[in-house]
Amino acid sequence: MTDERPIGVFDSGVGGLTVLRALRELLPGESTVYLGDTARVPYGTRSAATVEKYALNNARTLLQQADLKALVVACNTATAVALPALRAALRIPVVGVIEPGARAAMAECRGGTIVVLGTAGTVRSEAYPRALHALGHKGDVFARACPLLVPLVEEGWLSGDIPRLVVEEYLRGMPSDTDTVVMGCTHYPLLRPVLRAALPERVALVDGAAATATEVAGLLAERGLARAAPGPLHRLLVTDAPEQLARLSRTFLGVDVPAGDVELVDVLMTA
Ligand code: DGL
C-alpha cells in the first residue's frame, strides 16, 4: 500500500522551510506542497482572531491546490492560536509544531527554567507553558517575545553585528537557572549560530523541527498513509515575491530553487 498524496505545509513566510527541510530529510519518499503566506507575514504581531482566519485561508488554499493526506502547521504562532480551529474544519490529520517543540525541550531540560523565545502571539497564547507543564515540567517557564527576529530572517540577515546585538538584547535578564532555550518560532533556527554564541555553553538550544517530522512519520505509519515509491514531487507556493523564497532556498532548505520553480498563488479568502 502506498498513499501518493502530498503532505501540505504552511507558514507565514519562509521560516516554515526549516520544518519542511526536516520533513524531507526524515521522509525522503513523501511528496510535499509548501505554502508561505509571504504577502501577509508577519503573523506574530497580529491578533489571535486574524491569525486563525489566515491559517484557515492557507489550509483551504493548499487543499485547493492538492489532495493532501495531512497538514503540518509549520508556524508556532498559527499552531498556538489556530490548531483547534484547523482540526475542527479539516478532515485530514493536522500536526502543529508546539507540542513537538515542548517535547524537544523536555528531552534536554535538567529541571531548571525553560526559556521560550517566540513571537508576541505565541508568547501571549501561553501555549508553550501549557504544553511543557502537561508534559511534566516542574520548573519555571520564561517566555520572551522577539519581534525583530522574523524580519531579520525574512531579509536573510543572519550574521554580523545587527542580529548579534538584537539577540543579546532579547536574552538579557534570562533567569540564572535557565538550562534550556526553545526556539519557539520556525524562523529562529536560521539564527541558531547567533543565539548559540550569545548563550552560556551549559544552556541547551532546541527547536521542534525534527520532533515535528518524527510526529508526522509516526502518524503516517500508524494510519497507513505512508508513500513507498520513488520520485516524490515537491511544490513551493507563495502569496508574494517568489524570488525572495528562491533567494533564501539554499540557506533554509539546503537546495537551490530557481525563482521560476516557486509558484505565486492567491490565498483563498474564505475560511
Ligand atoms: N514562523 C512563525 C512562527 O513560528 C511566525 C513568524 C511570523 O510570521 O511572525 O511563529
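Our structure is the block above this text.
This is a predicted model, so every value here is computed, not measured. (Residues numbered from 1 in each chain as written. Predicted model: local features only at pLDDT ≥ 70, side-chain atom pairs only at ≥ 80, totals over all residues. Heavy atoms only, no water.)

1. Focus: the site of the ligand
Not every one of the 14 residues close to the ligand is listed here, only the nearest: Ser12, Tyr43, Asn76, Thr77 and His187. His187 is positioned such that a nitrogen or oxygen atom in its side chain is 2.7 Å from a nitrogen atom of the ligand. Taken by itself the ligand offers 300 Å² of open surface, and the protein chains cover 99% of this. (Near = heavy atom within 4 Å. Polar contact = N/O pair within 3.5 Å; in protein donor to acceptor, adjacent residues only side chain to side chain. Areas by Shrake-Rupley, 256 points an atom, 1.4 Å probe, with all protein chains shown as cover.)

2. Topic: the sheet that holds strand S5 (residues 113-118)
Across the sheet, which stays open at both edges, the 4 strands sit in the order S6-S5-S7-S8 with parallel pairing between neighbours. Strands at the two margins of the open sheet, each flanked by one partner only, are strand S6 (141-145) and strand S8 (204-206). Along the sheet, successive strands turn relative to each other by an average axial angle of 20°, direction set aside. Pairing between strand S7 (residues 178-183) and S8: 3 bridges, direction parallel. Among the inter-strand pairings, Val182 is bridged to a residue of S8, identified as Val206. (Pairing = 2+ DSSP bridges. Helix = DSSP H or I, 4+ residues; strand = E, 2+ residues; numbered from the N terminus. Axes fitted to C-alpha atoms, helices over the stretch in contact; angles between N-to-C directions.)

3. So, the sheet that holds strand S2 (residues 32-36)
Spatially, S4-S3-S1-S2-S9-S10 is the arrangement adopted by the 6 strands of the open sheet, whose pairing is parallel. If you trace the sheet from one side to the other, it starts and ends with strand S4 (94-95) and strand S10 (262-264), each paired once. Both strand S3 (residues 70-73) and S4 contribute to a ladder of 2 bridges, which runs parallel. Each bridged residue has a counterpart across the sheet, and for Val72 the counterpart in S4 is Val95.

Bear in mind that shape data such as this cannot, by itself, settle questions of function.
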